[in-house]
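Given next are the chains, with one letter for each unit.
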Amino acid sequence: MITETFTNHKLVALGGGTGLPLVLLAARDLGMQPTAVVTMADDGGSTGRLRRELSMLPPGDVRSCLTALAAPDQAEIAHLVGYRFDKGEGIAGHSLGNLMLAAATDDLGSFEQAVRLLEDILQVQGRVLPSTFENLILHGFNRDGEEIYGQASLTCSPTAIAAVEISPKDAAANSEAVEALLQADSIVLAPGSLFTSIIPNLLIPGILDAIQRSNARVIYCCNVANMKGETASYTACDYIATLDHYGMRDRINAVLLPYSMHDEQSVQRLEARGIQVVATALASAHNPQHHDEHKLASALPALIEQ
């Protein structure tokens, strides 16, 4: 049964990729109207093609969050927004929602207004906020010292990533995202690519500052599996140590740890730092590389109610 506590709970989730929409769906299962703060560093697939051809901001992760938060009576429209063309010269690989955001951006004159339009069309139950409206370029270095340009290239690196940066380094944060973080009860770092979905948000000075100044409880949802190359052989402590390096030291209050990533040494070290660890089954039965939204919803209350 949904409690009034969860109905009024202000949860903000940061990230991108497939993990962020799952956290949003889990929060909705608990009766919340969550806010997504979405990375703007994506440059792969349909999103990358639209960025290069139209000089627009990346639409893909925003579109996924919009459909996750669409009102139940807009389910058919949400399904169409998520539809991806599998054939057709020039259109194969594009999702309808990405093209809608591209068209709305061109017609209305800004990506910000385009996102708001789709929020209205889908009657989004919550908010979807790009972390910045500046044109971000992500680049980094692997552990062999090789410099890699672009989010998609970093994700595909066969060698573990050592560090990432954004250009411009002083990218301005979306003021609405900053305000949402400052007003949040809980801030969830969503599962997904550590270096290309989560950290790009933390590299925006205004976003990191808002997290540090917020009174919200900060929860990290650890991946159910390491990414080949990018975070190969990582333990839970390795994830937290990396987040520490990017400004989150002493700011993470809790870790949601899948059984698949559980190791007693990490748990002891994290708890010694005062970080609450909740270990549970989180992997999807259909795809063990991803979280299950209903298992996330079952696990979140133990972290939020603290």
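Here's a quick rundown of the structure. (Residues numbered from 1 in each chain as written. Predicted model: local features only at pLDDT ≥ 70, side-chain atom pairs only at ≥ 80, totals over all residues. Heavy atoms only, no water.)

A few words on the sheet that holds strand S1 (residues 11-15). What the seven strands build is an open sheet, ordered S3-S2-S1-S7-S8-S9-S10; its pairing is parallel. Taken across any chain shown, the strands that pair with only one partner, and hence form the sheet edges, are strand S3 (127-130) and strand S10 (276-280). Within this sheet the neighbouring strands show an average axis-to-axis angle of 20°, counted without direction. Taken together, the three bridges between strand S8 (residues 217-221) and strand S9 (residues 254-258) define a ladder with parallel strand orientation. From the neighbouring strand, tyrosine 220 faces S9, where its bridge partner is valine 255. (Pairing = 2+ DSSP bridges. Helix = DSSP H or I, 4+ residues; strand = E, 2+ residues; numbered from the N terminus. Axes fitted to C-alpha atoms, helices over the stretch in contact; angles between N-to-C directions.)

A separate point is the packing of helix H12 (residues 236-248) against helix H13 (residues 264-272). In the contact formed by H12 and H13, the axes pass within 8 Å of each other and the chain directions differ by 40°. It follows that H12 is oblique to H13 by the angle criterion. Touching Ala236, Cys237 and Ile240 of H12 are Ser266, Arg269 and Leu270, all from H13. For the contact of H12 with H13, the class distribution of residues is four nonpolar, one polar and one charged. (Parallel < 35°, antiparallel > 145°, perpendicular 65-115°, else oblique. Contact = heavy atoms within 4.5 Å. Nonpolar A, V, L, I, M, F, W, Y, C, P; charged D, E, K, R; others polar.)

Attention now moves to the pattern of salt bridges. One pass over the full model with this rule turns up seven salt bridges. Arginine 116 serves as the salt-bridge partner of glutamate 112, at 3.1 Å between the closest nitrogen and oxygen. One end of the pair is glutamate 112 and the other is arginine 116, both in helix H7 (residues 111-122) and four residues apart, which spans about a single turn. Since its relative accessible area comes to 37%, arginine 116 is described here as partly exposed. Residues arginine 116 and glutamate 176 are paired through a salt bridge, measuring 3.0 Å at the closest nitrogen-oxygen approach. Remark: glutamate 176 occurs in helix H9 (residues 175-183) and arginine 116 occurs in helix H7; sequence separation between them is 60 residues. (Salt bridge = Lys/Arg side-chain N within 4 Å of Asp/Glu carboxyl O. Buried < 20%, exposed > 50% of the residue type's maximum accessible area, 1.4 Å probe, protein only.)

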